Amino acid sequence: MNTLPKDPVMLLSFVNTQLRDHYPSLEEFAATYQIDAAEVISALKTIDYEYDPATNQFI
C-alpha cells in the first residue's frame, strides 16, 4: 500500500471517496492501485470499519 495514506482515518476517507466517485467495487479499486484488497480491509478493520459490498463503502 505504498501509494495510499498510512493513517487509517485518512485511508478510510480516501478509499470511500474513490469508491464513491470512480470504482464500482473494492476489487476494481485494488486492481487499479495494484494492491491487495485484503490489506485495505485489514487496515480499516483496526478502526472498526468493514467493507459493505451492497453500498460499496466502508462503514
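Calculation notes
- Residues numbered from 1 in each chain as written.
- Predicted model: local features only at pLDDT ≥ 70, side-chain atom pairs only at ≥ 80, totals over all residues.
- Heavy atoms only, no water.
- Helix = DSSP H or I, 4+ residues; strand = E, 2+ residues; numbered from the N terminus.
- Rg over C-alpha atoms; globule rule 2.2 N^0.38 Å.
- Buried < 20%, exposed > 50% of the residue type's maximum accessible area, 1.4 Å probe, protein only.
- Salt bridge = Lys/Arg side-chain N within 4 Å of Asp/Glu carboxyl O.

A. Spatial organisation of the overall build of the protein chain. Check the secondary structure of the protein chain and you find three helices and two strands. Secondary structure elements of the protein chain occur, N-terminal to C-terminal, as α-α-α-β-β. Expected size for 59 residues packed as a compact globule is a radius of gyration near 10 Å; at 10 Å, the protein chain falls within 12% of this value. Across its three principal directions, the C-alpha atoms of the protein chain cover 25 × 25 × 15 Å. Sorting the 59 residues of the protein chain into buried and exposed places 34% on the buried side.

B. Local environment of the pattern of salt bridges. Enumeration over the complete set of coordinates arrives at one salt bridge. With a closest N to O distance of 2.8 Å, Arg20 and Asp21 form a salt bridge. Of the residues examined, Asp21 reaches a relative accessible area of 43% and is grouped as partly exposed.

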